[in-house]
Amino acid sequence: TSLALQMFDQLKQIHGLGEECREYLEAAATLHDVGYHISHTNHHHHSYYIIKNSELLGFNENEINIIAHTARYHRKSHPKDSHIDFCELPFKTQLIVKKLASILRIADSLDRTHKKTVHSVECRVKSSKVEMILHTAKNSNPEIELWNVERRKGLFEEVFGKKIFLKK
């Protein structure tokens with residue numbers, strides 16, 4: 001959650017989202033793995049279902065939809081035309097979900113081992129790329145996190161039209 005919010009705050013110039021979207025990202029980041037309690041392999045689907053069908057105090061139905069879809073797309077496939085629930089969302093909401101999910105994917109990748117190897121990230125937006133400087137725990141090796149970001153950066157690069165470059 002911390003990494004996702006750091007990225008959100010530092011990438012305002014390219015995502016253009018308001019503070020309410022920061023709250024949605026925080027909720028989705030906090031809840032994105034709740035589906036593990038049902039299934040490891042498809043936990044993102046189960047997280048979506050649990051969030052969508054929960055009463056999240058302080059959020060209306062549309063906001064819960066954004067949070068649930070953001071959690072749904074934090075791993076594996078990108079939003080597609082064949083995903084009926086996603087396609088039923090208004091276009092503006094779909095764009096918000098894509099932006100938030102792309103940020104959450106990177107943040108989740110940076111915590112792949114769940115050992116807090118990467119404790120903070122510094123994002124620098126350039127014309128055709130986003131440099132992400134990773135601040136890591138002393139004597140740690142973020143090899144798995146770096147590998148995972150490389151695997152999962154596609155949605156971010158697609159949504160924002162900028163390549164991700166990682167620096168340690």
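These numbers come from a predicted model, not from an experiment.

**What about the sheet that holds strand 1 (residues 118–125)?**
Part 1 of the argument: Spatial ordering of the open sheet is given by 1-2-3, a layout of 3 strands whose pairing is mixed. Both edges of this open sheet fall to strand 1 and strand 3 (163–167), since each of them pairs with a single strand only. Geometrically, the sheet is characterised by an average inter-axis angle of 25° between neighbouring strands, direction not taken into account.

**A word on the pattern of salt bridges**
Part 1 of the argument: Inspection of every chain in the model, using the stated rule, returns 9 salt bridges.
Part 2 of the argument: Residues Lys153 and Glu150 are paired through a salt bridge, measuring 2.8 Å at the closest nitrogen-oxygen approach.
Part 3 of the argument: Lys153 sits in the buried class, given a relative accessible area of 14%.
Part 4 of the argument: A relative accessible area of 43% means that Glu150 is categorised as partly exposed.

**Observations regarding helix 7 (residues 91–109)**
Part 1 of the argument: Given a rise of 1.5 Å per residue, 19 residues ought to cover 27 Å, and the 27 Å separating the end C-alpha atoms of helix 7 matches this to within 8%.
Part 2 of the argument: With 15 of its 19 residues buried, helix 7 lies for the most part within the structure.

**Considering the side chain of Arg105**
Part 1 of the argument: For Arg105, the location among the structural elements is in helix 7.
Part 2 of the argument: No salt bridge is formed by the buried Arg105; the nearest opposite charge belongs to Asp108, separated by 8.7 Å.
Part 3 of the argument: For Arg105, the side chain forms a polar contact with the main-chain oxygen of Ser77, separated by 2.8 Å.
Part 4 of the argument: Not counting residues up to four positions away in its chain, the partners in contact with Arg105 are Tyr73, His74, Arg75, Lys76, Ser77, His78, Arg152 and Leu155.

Quick notes on the rules
Residues numbered from 1 in each chain as written. Predicted model: local features only at pLDDT ≥ 70, side-chain atom pairs only at ≥ 80, totals over all residues. Heavy atoms only, no water. Pairing = 2+ DSSP bridges. Helix = DSSP H or I, 4+ residues; strand = E, 2+ residues; numbered from the N terminus. Axes fitted to C-alpha atoms, helices over the stretch in contact; angles between N-to-C directions. Salt bridge = Lys/Arg side-chain N within 4 Å of Asp/Glu carboxyl O. Buried < 20%, exposed > 50% of the residue type's maximum accessible area, 1.4 Å probe, protein only. Expected span 1.5 Å × (residues − 1). Lys, Arg positive; Asp, Glu negative; His and termini not counted. Polar contact = N/O pair within 3.5 Å; in protein donor to acceptor, adjacent residues only side chain to side chain. Contact = heavy atoms within 4.5 Å.

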